[in-house]
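Chains, contacts and geometry: an overview
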Amino acid sequence: AVVYRTLRQVADAVSAGRAIAEACREAVEILHCAGLVPDYVEVREAGSLLAPQDQDRQLVALTAARLGRARLIDNIVFERDAVPVV
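Described below are features of the structure shown in this document. Nothing here was measured: the structure is a model prediction, and the numbers come from that model. (Residues numbered from 1 in each chain as written. Predicted model: local features only at pLDDT ≥ 70, side-chain atom pairs only at ≥ 80, totals over all residues. Heavy atoms only, no water.)

**Some thoughts on the packing of helix α1 (residues 2-15) against helix α2 (residues 20-33)**
Axis separation between α1 and α2 bottoms out at 9 Å; the angle between their running directions is 160 degrees. As judged from the angle between their axes, α1 and α2 are roughly antiparallel. The element α1 and its partner α2 pack so that their crossing is right-handed. In this structure, α1 uses V2, V3, T6, Q9, V10, A13 and V14 to contact α2, whose residues at the interface are I20, A23, A27, I30 and L31. Along the lines of polarity and charge, the residues of the contact of α1 with α2 split into 10 nonpolar, 2 polar and no charged. (Axes fitted to C-alpha atoms, helices over the stretch in contact; angles between N-to-C directions. Helix = DSSP H or I, 4+ residues; strand = E, 2+ residues; numbered from the N terminus. Parallel < 35°, antiparallel > 145°, perpendicular 65-115°, else oblique. Left-handed = near helix turned anticlockwise from the far one by under 90°. Contact = heavy atoms within 4.5 Å. Nonpolar A, V, L, I, M, F, W, Y, C, P; charged D, E, K, R; others polar.)

Take a look at the structure:
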């Protein structure tokens, strides 16, 4: 359950305008503190899995983490709120 909750936190943070890199770094720490060994936490453009651009709205948060010999993999698709152009 911690993997899904962590991805949900990443999605909520990025959707609210938080920096992707910051949200992913925090997620790695959360997973590590829960006893997992994260391989990665990433946010990508949902259709292409490329690094998201500012204009991309449909994103996916992805992670893989090890728990003992098991490798847990999960993802969650989400919409990023419109960011005003400054």
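**Here we look at the environment of V3**
Along the polypeptide, V3 turns up in helix α1. Among the residues examined, V3 registers a relative accessible area of 10% and is labelled buried. In sequence terms V3 and N75 are 72 residues apart; their C-alpha atoms lie 9.1 Å from each other. Contacts of V3, omitting those with residues within four sequence positions, involve L31, L36, T63, L72 and D74. (Buried < 20%, exposed > 50% of the residue type's maximum accessible area, 1.4 Å probe, protein only.)

Scope: geometric values only; no functional claims are made or implied.
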